[in-house]
Amino acid sequence: MTTFLILLRRELALAWGKGGGPLLALAFYAGVVTLLPMATGRAPEKLAAIAPGIAWLALALSALLSLERLFERDFEDGALDLLSLGPASLEAVAVAKCLAQWLASGAPLALAAPVAALALGADPKIIPLLVLCGLFGGLAFAFLGGLGASLALGSRRGGLLVAVIVLPLYVPPVIFGAGALDALAGGLPWTGGLFLMLAYCTAAVALSPLAMAAACRNALD
């Protein structure tokens, strides 16, 4: 446990130091939320109808930032080789990296989502659910993004490859989360979509570290 906490502190320091923390992701999020309504028109009723979906989709897109460097930085300077020989397993290293990614950018984005949704005219009653979906969905995005980053290790144009791998995996939580938010806004049953998203997120958190560790071992061989 102590080793894992040390790893987590290291990854948080890297995420906040060289990665810029949440500032870049929040700036991108604000840009997406600002630009998308311009393509749909300025009618308040139209913006209010699509506000939950825009806020949720923008959060998913913002989660793509900095994924390329999640493993690549340690792979290039040899730190990943040392981590693989250390007392912690590569699975634990992968979990620490993804948790740090979520704490540095995913959680702040989830807390910013209600501000964006309210600015677009969303119903305030969806805000608690939007925060909940943002926190758990952001956790799934971090682990699925880590999977894509590990599979792209050592490849050229890794950022593009990460996006190609990760975006299809982002589709289910985006659909389930947006569906739950739309259902709540429309006064319809919404718990089904939330439970499906939570189940998908749980599977992503449980299974992705195994695949990430295998991909890292393959890249190091």
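Refer to the structure printed above.
Residues numbered from 1 in each chain as written. Predicted model: local features only at pLDDT ≥ 70, side-chain atom pairs only at ≥ 80, totals over all residues. Heavy atoms only, no water.

A. Looking closely at the packing of aromatic side chains. The full count for this structure, using the stated rule, is one aromatic pair. A ring pair is formed by Phe141 and Tyr170, whose centres lie 4.4 Å apart and whose planes are at 40°; its orientation type is tilted. You can see Phe141 sitting in helix 7 (residues 127-151) and its partner Tyr170 sitting in helix 8 (residues 158-185), a full 29 residues away along the chain. The buried category is assigned to Phe141, whose relative accessible area is 0%. Exposure remark for Tyr170: the relative accessible area of 3% places this residue in the buried category. (Phe/Tyr/Trp six-rings, centres within 6.5 Å; stacked < 30°, edge-to-face > 60°. Helix = DSSP H or I, 4+ residues; strand = E, 2+ residues; numbered from the N terminus. Buried < 20%, exposed > 50% of the residue type's maximum accessible area, 1.4 Å probe, protein only.)

B. Quick peek at the nonpolar core. Counting residues in each nonpolar core, the largest one holds 41 residues, and the members touching the most others are Tyr29, Trp56, Leu59, Leu129, Phe141 and Tyr170. Elements supplying a minimum of two residues to this core: helix 2 (23-40), helix 3 (44-62), helix 6 (90-119), helix 7, helix 8 and helix 9 (191-220). Residues within four places of Tyr170 in sequence aside, it is in contact with Ala60, Ala63, Leu64, Leu67, Phe141, Leu144 and Gly145. In this structure, Leu83, Leu90, Leu147 and Ala149 belong to the second largest nonpolar core, which totals 23 residues. (Core = buried A, V, L, I, M, F, W, Y, C linked by side-chain atoms within 4.5 Å. Contact = heavy atoms within 4.5 Å.)

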